[in-house]
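Coordinates in review
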Number of protein chains: 2
Amino acid sequence: MKWGVQMEKHEIFSIPLPAIRRFPAYLRLLKEYQANGETWISATKLADDLQLKPIQVRKDMAYTGVEGKPKVGFLIEELILAIRRHLGWDNTSDAVLLGVGNLGSALVGYKGFENYGLRIVAVLDADPEKVGNRIAGVQVLPLERLEETIRRLKINIAILTVPAEAAQYTANRLANAGIRGIWNFAPKDLRVPDHVIVQRTDLATGLAELSSKIKLKIFDENR
Amino acid sequence: MKWGVQMEKHEIFSIPLPAIRRFPAYLRLLKEYQANGETWISATKLADDLQLKPIQVRKDMAYTGVEGKPKVGFLIEELILAIRRHLGWDNTSDAVLLGVGNLGSALVGYKGFENYGLRIVAVLDADPEKVGNRIAGVQVLPLERLEETIRRLKINIAILTVPAEAAQYTANRLANAGIRGIWNFAPKDLRVPDHVIVQRTDLATGLAELSSKIKLKIFDENR
DNA sequence: TAGATTGTTAATCGATTAACAATC
DNA sequence: TAGATTGTTAATCGATTAACAATC
C-alpha cells in the first residue's frame, strides 16, 4: 500500500479509545513542561510523571504521528499540536448547555473548557424562574429557543445537564435541530439517531470504581 | 478446587473493571423496573434497554453471583442487592469534600449520591471567605480542621475539588490523616502512599472521547 | 412439549507489554 | 564511541463474543 503525500498512515487507522482517553493527561503535562521552559521530552519522563509504562507512552506517541529523536525524545510543541488536532481541540467548538441545576451552573462557570477547545455560548432551561438569570456572564434562555439558537449559532455540541426524566425528550429535540454530539451528564441512557454521537459522563461510574476498589482492599487486608 | 460453604466463587476472583463500570447503569435500570412493579428481568431485556449485547449482560450477571432461571430471567431484587454489595454501596459511607468552588458546591448539592451509598458529612475550604457559609445545609469548615474532622467522624472517603495546584498538598494531608480513598476531580495526577486509592474523574476524558468521535465522523463523511 | 433463556467453555478480538534492532 | 531512547514486530493478556448444552 502506498500513502499519498497529504495522508499520513496515522490518519487512516483510528486511534484506540484507551489511548484517546490518555491524551488529555499528556496534553496537560506537556503544557506544564512548556511553561517550565522545556523544549524536548522523552517518553520515559512522561511515563514516570504519569505513572505509566514507558512502552505504553511510546505507543501513544506513535499514534499522534509525531516522530521522536532517539536519546532525545519528542518536541513538546509538536506533540501538543498533534494531540490537539487528533482530539479536534485545535479549533474551538461552540456548545449549548441545557439545564442549569447545580451541575449545569458549575459547568458554565468552569474555566477549564478553554483548554479543551470548548466554549459554552448559550444556556437554556425549561424553568421560567431561571430564564433571564445570568450565569458566569451568560444569560439563560427559555427551552423554546433550542432549535432557533442551535441553528443561528451553528452549534454542533450540546451539554445535557437536565434531570433524567427530561433527558430523552431534550435529546430528541437536539437531534432534530441537527446537533452532532451530546455530552450527557443525566443518569439516563439515550436513544439517538445515527447522525448524533452521545458521550455519557456519569458520576456513578467513577464512584463505582473507587468504592469497589476500597471494598476489595479492605477484604484483602482482613484475609 | 473446592469452595467453602461461606465463600462463593465470585467473591474470590475480582470482577473485571469494565463490568464494574457497567454496574451503576444496571442498578439504575433495575430500580426503574422495580418501580414499575416488575419482579423478574431477563438479560435479553436488560441488554436491549442498555444497547448492549445479551451475552455481555449475561456475563456481567454471572459476576454478581446471582443465578437466573432459564426462560424467566433474574429476580430484580436479588440483582440489586448483589450489585450494591459488590460496589460496597450496601452501607452508606461518609465522605469529606475539599474545595467549594463551582464543581465542589454542585457535588455537595447533588442528591444522587444517596443512591450510591455516599453521604457528604463535612465540607472544607482553604478560603477564609468561604468558611462559615452553608452549602446545601452543610457548614464550610476551615482546611485546618482536616485531620481532626476525618478522625472524629471516622471518614474513609475524600472528594477532592480543589484547584490543581493545591491537589497534591491536600492529598498528602488526607493520606496522613488515614483516608482510604480519594475521588479526585482536580486535573492533576496524584502521588499517594499504597494504603490510599485514588480515583480520578476528569471532565477532559469524556470530552476527548466525544470530540475525537465527532472529528472522525466528520472525516468519514467527507471521504 | 417447544422454545426462550441461562450458563459454561472455547474462540476471537483488541490493547498492553516484551524484545530487540535502529539511531542519534 | 557508548548508551539512552525511539520504533517496530511479536507475544501476552484480558475482555468480549460465539457456540452450544442445560433447563425451566
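Quick caveat, the model's predicted, so the values are computed rather than measured.

**Concerning the interface of chain A and chain B**
With 65 residues of chain A at the interface, the matching set in chain B holds 65 residues. With both sides pooled, the region where chain A packs onto chain B buries about 5,600 Å², and carbon together with sulfur makes up 64% of that total. For the pair chain A and chain B, the interface holds six salt bridges. The shortest N-O distance in the salt bridge between Glu 209 of chain B and Arg 21 of chain A comes to 2.8 Å. For the pair chain A and chain B, the interface holds 24 residue pairs in polar contact (both at pLDDT 80 or more). Contributions of two or more residues to the side of chain A that touches chain B are made by α2 (17–35), α3 (43–50), α5 (76–87), α6 (102–109), β8 (181–184), β9 (197–200) and α9 (203–221) of chain A. Ranked by the residues each element gives to the side of chain A that touches chain B, the list is headed by α9 of chain A, at 18 residues.

**So, the packing of aromatic side chains**
Applying the stated criterion across every chain yields a total of twelve aromatic pairs over all chains. One aromatic cluster is present, formed by Trp 89, Tyr 110, Phe 113, Tyr 116, Trp 183 and Phe 185 of chain A through successive ring pairs.

**Looking at the protein's contact with DNA strand C**
Around DNA strand C there are 22 residues in total, and Arg 22 of chain A together with Ala 43, Arg 58, Gly 68 and Lys 71 of chain B lie nearest to it. Looking at DNA strand C alone, sugar and phosphate atoms form 56% of those within 4 Å of the protein. The contact in question runs from a phosphate oxygen of DNA strand C to an N or O atom on the backbone of Gly 68 of chain B, over 2.8 Å. One of the backbone nitrogen or oxygen atoms of Lys 71 of chain B is found 3.3 Å away from a sugar or linking oxygen of DNA strand C. Listing elements by their share of the surface near DNA strand C, those giving two or more residues are α2 and α4 (54–64) of chain A together with α3 (43–50) and α4 (54–64) of chain B. Partitioning the surface near DNA strand C into residue classes produces eight nonpolar, five polar and nine charged.

**Regarding the protein's contact with DNA strand D**
Near DNA strand D you find 22 residues, and of these Ala 43, Arg 58, Gly 68 and Lys 71 of chain A together with Arg 22 of chain B are the closest. Sugar and phosphate atoms constitute 55% of the interface atoms of DNA strand D, taking the interface as everything within 4 Å of the protein. For DNA strand D, a phosphate oxygen lies 2.9 Å from a polar atom in the side chain of Arg 22 of chain B. Taken together, the residues of the surface near DNA strand D sort by class into eight nonpolar, five polar and nine charged.

**What about the side chain of Gln 199 of chain B?**
Residue placement: Gln 199 of chain B occurs in strand β9 (residues 197–200). Here Lys 213 of chain A takes part through its side chain, which lies 3.5 Å from a polar atom of the side chain of Gln 199 of chain B. In contact with Gln 199 of chain B, other than residues within four places in its own chain, are Gly 206, Glu 209, Leu 210 and Lys 213 of chain A together with Ile 182, Trp 183 and Asn 184 of chain B.

**Some thoughts on the relation of the copies chain A and chain B**
Once turned by 180° and shifted 0.0 Å along the axis, chain A lies on chain B with an RMSD of 0.0 Å. Put plainly, the chains are arranged around a two-fold axis. No C-alpha of chain A lies nearer the rotation axis than that of Ala 106 of chain A, which sits 3.2 Å from it. When you check the interface residues of chain A against chain B, 100% turn up at the interface there too, and the contact is symmetric in its surfaces.

**Considering the packing of α9 of chain A against helix α5 (residues 76–87) of chain B**
Orientation of α9 of chain A relative to α5 of chain B, taken along the N-to-C sense of each, is 75°, at an axis distance of 7 Å. Compared by their axis directions, α9 of chain A and α5 of chain B come out roughly perpendicular. In this structure, α9 of chain A contributes Ala 208, Ser 211, Ser 212 and Lys 215 of chain A to the contact, and α5 of chain B contributes Arg 85, His 86 and Leu 87 of chain B. Of the residues contributing to the contact of α9 of chain A with α5 of chain B, the split by class is two nonpolar, three polar and two charged.

**A look at the environment of Ala 164 of chain B**
Residues and elements named next belong to chain B. Position of Ala 164 among the secondary structure elements: in helix α8 (residues 164–176). With relative accessibility at 22%, the residue Ala 164 sits in the partly exposed group. The sequence separation of Ala 164 and Ala 175 amounts to eleven residues, and the corresponding C-alpha distance is 17 Å. Those residues in contact with Ala 164 that sit more than four places away from it in its chain are Ala 186, Pro 187 and Lys 188.

**Observations concerning the pairing of strand β7 (residues 157–160) of chain B**
All names here are of chain B. Burial along β7 is two-sided: Ile 157 and Ile 159 facing one way and Ala 158 and Leu 160 facing the other are all buried. Judged from the four bridges that link them, strand β3 (residues 93–98) and β7 form a sheet pairing that is parallel. The residue bridging Leu 97 from the neighbouring strand is Ile 159, located in β7. Examined bridge by bridge, β7 and strand β8 (residues 181–184) share four bridges and lie parallel to one another. Each bridged residue has a counterpart across the sheet, and for Leu 160 the counterpart in β8 is Asn 184.

The rules behind each value
Residues numbered from 1 in each chain as written. Chains lettered and ligands numbered in written order. Predicted model: local features only at pLDDT ≥ 70, side-chain atom pairs only at ≥ 80, totals over all residues. Heavy atoms only, no water. Contact = heavy atoms within 4.5 Å. Buried area = accessible area lost by both parts, 1.4 Å probe. Salt bridge = Lys/Arg side-chain N within 4 Å of Asp/Glu carboxyl O. Polar contact = N/O pair within 3.5 Å; in protein donor to acceptor, adjacent residues only side chain to side chain. Helix = DSSP H or I, 4+ residues; strand = E, 2+ residues; numbered from the N terminus. Phe/Tyr/Trp six-rings, centres within 6.5 Å; stacked < 30°, edge-to-face > 60°. Near = heavy atom within 4 Å. Nonpolar A, V, L, I, M, F, W, Y, C, P; charged D, E, K, R; others polar. Least-squares fit on C-alpha atoms with pLDDT ≥ 70 in both. Axes fitted to C-alpha atoms, helices over the stretch in contact; angles between N-to-C directions. Parallel < 35°, antiparallel > 145°, perpendicular 65-115°, else oblique. Buried < 20%, exposed > 50% of the residue type's maximum accessible area, 1.4 Å probe, protein only. Pairing = 2+ DSSP bridges.

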